[in-house]
Amino acid sequence: MEVIYTKYLRPEDIIASAMEEDVDVIGISFYTTSPRVVIEKVMTLVNENNMEKTLVTVGGIIPEDDIPKLIEAGAGQAFGPGSLPEDIIKYIQAEVKTRKHP
Amino acid sequence: MFDKETTEKNKKALEQWQKDCSEKYPGRDFKASTESGTAIKPIYTPEDIQDIPIDEIAMPGQYPYTRGIYPVHYQFQPWIIQNEHGYDLPEHTRERMDLLAKEGLEGYFGMTTFNLICDSASKAGFDPGEPEAEGIVGYGGISLGTIEDMDRLFHDMALDRTSVVLNVSDMSMIGLAMYIVYAERQGIPKQKLRGNTVNYQYRGAFMDSATFVPQSALKLMVELIKYCTKHMPQWNTTNICGYFVEETGGTPAQEIAFTIAVSIAVTEMCLEIGLNPDDFLPRFSFQIGQRNDFFECITKLRALRKVWAKVNRERFGCRNPRSLQARVHVQTAGSTLTAQQPLNNIVRFTLQALGAVLGGANAIQTNGYDEALSIPSGNAAILSLRTQQIIRHETNLTSVSDPLAGSYYVEWLTKRIEEESFELLDQIERMGGFLKCWEKGWFRAELERVAYRWQEKVNCGESVIVGVNKYTSSEVVKVRGFQHDPTTEKIAAERVRQFKQKRDGAKTAATLAELSRVARIIDQEGNKSDLMLMDTIIEAVRCNATLGEIAGVIKEVFGWGNAY
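Notes on the structure in this doc start here. Residue indices begin from 1 for each chain and proceed along its sequence in written order. For this description, chains carry letters from A and ligands carry numbers from 1, given in the order in which they are written. Per-residue local features of the predicted model are confined to residues with pLDDT of at least 70, and side-chain atom pairs are confined, for both listing and counting, to 80 or more; whole-chain, interface and lining totals are unaffected and use all residues. Hydrogen atoms and water are omitted, and side-chain values are computed over all heavy atoms in the structure.

1. Quick notes on the overall build of chain B
Logical step 1: Secondary structure counts use DSSP, requiring at least four H or I residues in a row for a helix and at least two E residues in a row for a strand, with both numbered from the N terminus. Across its full length, chain B holds 21 helices and 14 strands.
Logical step 2: The size measure is the radius of gyration over C-alpha atoms, and the globule rule it meets is 2.2 Å times the number of residues to the 0.38 power. Here chain B has a C-alpha radius of gyration of 24 Å; the compact-globule value for 564 residues is 24 Å, and the two agree.
Logical step 3: Across the 564 residues of chain B, 58% fall into the buried class.
Logical step 4: Distance between charge centroids for chain B: 2 Å, based on 63 positive and 73 negative side chains. For each residue, the accessible area found with a 1.4 Å probe, counting protein chains only, is set against the maximum for its type, and the residue is called buried under 20%, exposed over 50%, and partly exposed in between. The convention is simple: Lys and Arg are positive, Asp and Glu are negative, and His and the chain ends are not counted. Note on charges: their place is set at NZ of Lys, CZ of Arg, CG of Asp or CD of Glu.

Structure representation (structure tokens):
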């Protein structure tokens, strides 16, 4: 699994990097801000750019109330504090496999 | 340290102890290590501190201030509770300020004190309504857009009896300018203002956040120091924030050395423009993280005071004792708090606060038990306050200054951390100093290495985190995190819009142009003793420029973006 670590100021930056690097997964971590607005924007851009096969998953401090809204927007699983790296890896591997060979 | 007879007696006792251990616990050595990896023994004895000269420990209030910076500490003035808060609109935060003051939040010598943090949008220099601010207005702190927000925060307060930490991160100069202009409109001259602007433009060296170009970051720090040294003798200019290093995974020696390296770099720049270190170093102070390794974090504070005193006296020839006395605000380590079984966190931050008191902290922040879920809810904020109040009033710890002095383990570990810190400072020096190390990405590489090792230990269970990788329970105690006011962003954006409509736009534009002109001179030619960026920022605030507009000019001239 190749991981490209990057930063962003706006959701558009995330999509631009993702397209440039031709990724299978976009993983975004949140800490002080609510993920909901960013994820809704990211998912809109994902759909606009025909990137539906790309998994968008989130991690960090994810308010519980936000989780249903993230799922509704089309994001994948949210990994909160204490999540084990191996669980995240297994999830990503399984999801990407399914999306590539539905 | 000890005379010949005592040393001999101790040697015999130690030999007997070793014999007792071999008999009682055959094959076991009980070796362990501190959280950061320093090897430690099961007991410490006089032999371990034999070579420490007594004047290295000295008395409280005596160089090198191992035992504290005052001859008598909490008996005269206890540490203050300096828990930060801030969220949504300024008037929402004011409610929390009033609540905490009512519940006993108080500053030194009875002054009113608040530790205020601004939101992610303000800290990045974007006004509510700008696209980059969408979704982050009021998150992580107060939405600060215009001078009008100062009144929403501070109305009916005697600002000359108030000490305020105004944390707008990289944009702290703008926050300070707004505070100065607001105070002057209330009839309080800036010379009478007390508080702290964090001035931590350097943090991009340690953590991933958008930041100024490294060289610019330091120039901006010097601008703020220069201005306050001249005009605001009661203002604490610079927060040497080891907490960034600690929270990103740093060891105590890294926390001390990486941040004192910042102070060294900035001091040298101030010297180049003719400032006297004895005039500005007394207004630097520290923010240090208190983790779970009880004694390692206590001794970190003692070692820090030694390193600060020695560097400033020996390297910069400081003679003012206040340049050598490290004032330390301790924040209990947020990264140690868990989302699982959140009430456990109450125990964690209580123990951490206890450690801070035993280490001689001058101010303490106890985080909320809901730290891993959200910013503190009202209940969490009050409980954090009560924790420190109980330690202060019920444990009798305030009756004796530095009670742990003389402990063989404490004095040994203090010396050990001090030595490691100086080794790191020497290494940074050999690599060209703080700026070079930042530009090379050296700090990040070092911290990532340590953080990764820490995480590996958690993943395999070697480091136990109760409730997370041991003693996990399926029964979940429901803790409701802080709930933001969802109308914040819309109201804040509308306020900025109306503020811009009401003002004399031409006047604002003229001051922003002047700001740009002055900023360019400083960017191209370096800090100059007779040119003050702060003067032009203050003028821009007087002419009703918004935080985002001022920040836009500064970011554009000095270069700002994703972490370097």
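2. Topic: the layout of surface pockets
All names here are of chain B.
Logical step 1: As defined here, a cavity is a set of points on a 1 Å grid over the protein atoms alone where a 1.4 Å probe fits but cannot get out. A pocket is an open set with protein on both sides within 12 Å along at least five of seven lines, and residues line them when an atom is within 4 Å of a point. Grid points are joined across faces, edges and corners, and a volume is the space filled by probe spheres set on the points. There is about 500 Å³ of room inside the second largest pocket.
Logical step 2: Considering the residues around the second largest pocket, the lining is formed by 26 residues, among which Ile264, Ala265, Glu268, Arg315 and Phe434 are closest to the centre.
Logical step 3: For the lining of the second largest pocket, the secondary structure elements donating two or more residues are helix H7 (214–231), helix H9 (252–272), helix H11 (294–315), helix H15 (408–430) and helix H16 (434–440).
Logical step 4: Top contributing element to the lining of the second largest pocket by residue count: H9, with six residues.
Logical step 5: Gly falls in the polar group here, along with every residue not listed as nonpolar (Ala, Val, Leu, Ile, Met, Phe, Trp, Tyr, Cys, Pro) or charged (Asp, Glu, Lys, Arg). The class makeup of the residues in the lining of the second largest pocket is twelve nonpolar, five polar and nine charged.

3. A closer look at the nonpolar core
Logical step 1: Ranked by internal contacts, the top residues of the largest apolar core, which has 153 residues, are B:Phe154, B:Phe206 and B:Phe434.
Logical step 2: Ranked by the residues each element gives to this core, the list is headed by H9(B), at twelve residues.
Logical step 3: Dropping the residues within four chain positions of it, B:Phe206 is found in contact with B:Phe244, B:Val245, B:Thr248, B:Phe258, B:Thr259, B:Val262, B:Phe434, B:Phe443, B:Arg444 and B:Leu447.
Logical step 4: Within the second largest apolar cluster, 18 residues are counted, among which are A:Val38, A:Leu45, A:Met51 and A:Ile62. Buried Ala, Val, Leu, Ile, Met, Phe, Trp, Tyr and Cys residues that are joined via side-chain atoms within 4.5 Å together make up what is termed a nonpolar core. Any two residues having at least one pair of non-hydrogen atoms within 4.5 Å are treated as being in contact.

4. Some thoughts on the pattern of salt bridges
Residue and element names in this part refer to chain B.
Logical step 1: Definition used for salt bridges: Asp or Glu carboxyl oxygen within 4 Å of a side-chain nitrogen of Lys or Arg. A full pass over the atoms with the stated rule returns 45 salt bridges over all chains.
Logical step 2: In this structure, the salt-bridge partner of lysine 415 is glutamate 418, at a minimum N-O distance of 3.4 Å. You can see lysine 415 and its partner glutamate 418 sitting in helix H15, three residues apart, about one turn around the helix.
Logical step 3: A relative accessible area of 2% places glutamate 418 in the buried class.
Logical step 4: When the shortest N-O distance is used, the salt bridge between lysine 500 and glutamate 549 registers 3.8 Å. Linking lysine 500 in helix H18 (residues 488–502) with glutamate 549 in helix H21 (residues 547–558), this pair joins segments that are 49 residues apart in sequence.

5. Concerning a negative patch on the surface
Logical step 1: Any residue with relative accessible area above 30% and no salt bridge may belong to a patch, with like charges joined within 9 Å and the nonpolar Val, Leu, Ile, Met, Phe, Trp and Tyr side chains within 5 Å. For the accessible areas, the method is Shrake-Rupley and the probe is 1.4 Å, while residue cover comes only from the protein chains on display. Judged by side-chain charge, A:Glu2, A:Glu20, A:Glu21 and A:Asp22 come together as a negatively charged surface patch.
Logical step 2: Along the chain, the position of A:Glu2 falls in the segment before helix H1 (11–21).

6. Some words on the interface of chain B and chain A
Logical step 1: If you look at the interface, chain B gives 24 residues, while chain A gives 17 residues.
Logical step 2: By buried area we mean the combined loss of accessible area, with a 1.4 Å probe, across both parts when two parts are placed together. Carbon and sulfur atoms supply 52% of the area that chain B and chain A bury against each other, a total of about 1700 Å² over both sides.
Logical step 3: Looking at the side of chain B facing chain A, the largest losses of area belong to B:Asp208, B:Asn459 and B:Asn562, adding up to 24% of the total buried there.
Logical step 4: Our enumeration of links across chain B and chain A arrives at three salt bridges.
Logical step 5: Any pair of nitrogen or oxygen atoms within 3.5 Å is treated as a polar contact; in protein, a donor-acceptor pairing is required on top of that, and neighbouring residues in sequence qualify only through side-chain atoms on both sides. Counting every contact that joins chain B to chain A gives four residue pairs in polar contact (both at pLDDT 80 or more).

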